[in-house]
Amino acid sequence: MLFNRDYSFRGTHADKVIELTATFDDKGNKLFIRNLDVYLLAPIVGFLYGRKSDLDSSGKNTNILFEAMSKETTTLWFNYRLIMLLDKDNEDDFDQRIEKAFRNYGSEQAKTDEELYESFVRGGVDILHEKLIASVNRPEDYLKNLYEFMEEFEERYGQSADEILNLVKLAKG
């Protein structure tokens, strides 16, 4: 089950998360403070960009301790449920998406959905790395890339972002 134990990024995704959380200048600035911050954003980015990635178990691991994850349980569950509700590509029936989001979690039939979610996490890590780090030559490039990514995101999803914010308001009551 997701979110009830330590989490580990593996292989190439561990390498990318390590780079995304590394200090990029002599003032100690980072794009992401913790691995958990990447894990909170990556599934949304992966889903919105339609990018999934396979698990690579080779090489390094970098972890998120359950203690840290447990403090973000509400957000983690929200991300999972939001993706299950919006994922028309894998389930076109809205009632079935509701089942996936709210009732099936942790069951045998949810394993496929949980792996789908994890593939969006890995895909999101790939995108964040490509957009924010891959073309960096000097410290100023990190902020330039971040700004450009945020502009691209707004251009691509500005209208959809409003719809997502409305869903957030509805979900939070």
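As a reminder, the structure under discussion sits directly above these lines.
Computed from a prediction, not measured in an experiment: that's the story for all the values here.

Asks: Help me understand the overall build of the chain in this model?
Replies: Along the chain, the regular secondary structure elements total seven helices and two strands. Each helix and strand of the chain, ordered N terminal to C terminal, gives the series β-α-α-β-α-α-α-α-α. The C-alpha radius of gyration computed for the chain amounts to 16 Å, which stays within 12% of the reference 16 Å derived for 173 residues, consistent with globular compactness. For the chain, buried positions account for 45% of its 173 residues. Long-range contacts, defined as pairs at least 24 residues apart, comprise 75% of the intrachain contacts of the chain with a sequence gap of at least 6.

Asks: I would appreciate a short explanation of the nonpolar core in the present structure.
Replies: As a rule of thumb, soluble globular proteins bury nonpolar side chains together. Counting residues in hydrophobic clusters, the biggest one holds 43 residues, and the most contacted among them are F3, F9, Y39, Y117 and L128. Those elements giving two or more residues to this core turn out to be β1 (7–10), α1 (11–20), α2 (35–48), α4 (73–86), α6 (111–132) and α7 (139–172). It is α2 that provides the largest number of residues to this core, a total of nine residues. The contact partners of Y117, leaving out residues within four places of it in the chain, are L2, F3, Y39, P43, L76, N79, Y80, I83 and M84.

Asks: Teacher, can you tell me more about the packing of α4 against α6 here?
Replies: Two quantities define a packed helix pair, namely the angle between the helix axes and the distance between the axes. In the contact formed by α4 and α6, the axes pass within 11 Å of each other and the chain directions differ by 105 degrees. On the basis of the axis angle, α4 is roughly perpendicular to α6. Contact residues: α4 offers L76, N79, Y80, I83 and M84, while α6 offers D113, E114, L116, Y117 and F120. Broken down by class, the residue content of the contact of α4 with α6 amounts to seven nonpolar, one polar and two charged.

Asks: Just checking my understanding: could you explain the packing of α2 against α6 for this structure?
Replies: Orientation of α2 relative to α6, taken along the N-to-C sense of each, is 95 degrees, at an axis distance of 6 Å. Taken as axis vectors, α2 and α6 run roughly perpendicular relative to one another. In this structure, α2 uses V38, Y39, L41, A42, P43, V45, G46 and F47 to contact α6, whose residues at the interface are Y117, E118, F120, V121, G123, G124, V125, I127 and L128. Each residue belonging to the contact of α2 with α6 can be placed in one class, and the counts come to 13 nonpolar, three polar and one charged.

Basis of the calculations
Residues numbered from 1 in each chain as written. Predicted model: local features only at pLDDT ≥ 70, side-chain atom pairs only at ≥ 80, totals over all residues. Heavy atoms only, no water. Helix = DSSP H or I, 4+ residues; strand = E, 2+ residues; numbered from the N terminus. Rg over C-alpha atoms; globule rule 2.2 N^0.38 Å. Buried < 20%, exposed > 50% of the residue type's maximum accessible area, 1.4 Å probe, protein only. Contact = heavy atoms within 4.5 Å. Core = buried A, V, L, I, M, F, W, Y, C linked by side-chain atoms within 4.5 Å. Axes fitted to C-alpha atoms, helices over the stretch in contact; angles between N-to-C directions. Parallel < 35°, antiparallel > 145°, perpendicular 65-115°, else oblique. Nonpolar A, V, L, I, M, F, W, Y, C, P; charged D, E, K, R; others polar.

Purely geometric stuff here, so don't read any function into it on its own.
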